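Spelled out from the first residue to the last, the chains are:
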Amino acid sequence: QTARSSFPGPHLPGPIRDLAFDPRSSAAKYLLAVASETSTPLVVVDATSPAALVTGGRMLENMAAAAHRLGGVRSASYSPTATDGSVRLCSVGTDGRAVVFDLHTLDDPELEWEVGHADTEPSLPAEAADPTTPAQAATRGLRAAWSGGWPALPSGRGVAVRNATGTVQPLPGYLSDGSAAHAGNVTRVAYSPDGKYMVTAGDDGGIMLWAKTGPLGKL
């Protein structure tokens, strides 16, 4: 048998772009989100054991396929576990959509919001959008960063944060215009563990450190 034919996990007909473990995972159960550029753009599987990969099913599959109906998913990231034990999962697709799922329980997930994100938002109607256009292709690898329950999403216009209704807002206290820090796209954003600092990286090769009072300087 080849390694592919003997592997018990999900087989997807295309490239897998990202993997992320549910922060609630433990030795009892490891839940793994798999993002891919296929007709199954995002799926959560039980990766606790080879047997669990076979019998655990493919969770979130249909809801994610409907949300990213125009293309695959390039990144998936979980929020920290909330005080009520729930988490959110943010996926960013090649179709220019950022989607947040509320995973209070995988038996009953909710699509919390689904919106076009800044420069990745299609200029054509959703049904006619082309996910291979340059404006969207340039931001295909974007990954959300979490501070508490809010995801920050980098783009060519800077870093945006979205509220529970999906409204685009500048990241308060950090960055309102990416051009002030980076000459070009902001490609990555990360928070310090305590949420007091943020780091952005860009196509220009720059890495900028931010506090809530404003920029602290380039690293």
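Residues numbered from 1 in each chain as written. Predicted model: local features only at pLDDT ≥ 70, side-chain atom pairs only at ≥ 80, totals over all residues. Heavy atoms only, no water.

Novice: So, the confidence of the model for the protein: which residues are in play, and what are the values?
Specialist: When the pLDDT values of the protein are averaged, the result is 75; 72% of them are 70 or greater. Below pLDDT 50 for its whole length, residues 118-140 participates in 38 contacts with residues either more than four positions away or in separate chains. (pLDDT = per-residue confidence, 0-100. Contact = heavy atoms within 4.5 Å.)

Novice: Quick rundown of the sheet that holds strand β4 (residues 58-59)? Include the residues and the values.
Specialist: Strand order in the open sheet formed by four strands is β1-β2-β3-β4, with antiparallel pairing between adjacent strands. Strands at the two margins of the open sheet, each flanked by one partner only, are β1 (16-21) and β4. Note that strand β3 (residues 42-46) and β4 share two bridges and pair antiparallel. From the neighbouring strand, V45 faces β4, where its bridge partner is R58. (Pairing = 2+ DSSP bridges. Helix = DSSP H or I, 4+ residues; strand = E, 2+ residues; numbered from the N terminus.)

Novice: Please give an account of the environment of L219 that cites residues and values.
Specialist: For L219, the position within the fold is in the segment after β16 (214-218). Taking the C-alpha atoms as reference, L219 lies 9.9 Å from A201; in sequence the two are 18 residues apart. Excluding residues that lie within four positions of it along the chain, L219 makes contacts with I207 and L209.

Novice: Would you mind going over the pattern of salt bridges in detail, with residue names and values included?
Specialist: All told, the structure shown has six salt bridges when counted by the stated rule. Here E37 makes a salt bridge to R17, at a shortest N to O gap of 2.8 Å. On the criterion of sequence distance, the pair formed by E37 in the loop between β2 (31-36) and β3 and R17 in strand β1 is long-range, its members being 20 residues apart. Residue classification places E37 among the partly exposed residues on the basis of a relative accessible area of 25%. The class for R17 is partly exposed, based on a relative accessible area of 39%. For R58, the salt bridge is made with E61, and the minimal N-O distance between the two is 3.4 Å. The exposure class of E61 is partly exposed, given its relative accessible area of 22%. (Salt bridge = Lys/Arg side-chain N within 4 Å of Asp/Glu carboxyl O. Buried < 20%, exposed > 50% of the residue type's maximum accessible area, 1.4 Å probe, protein only.)

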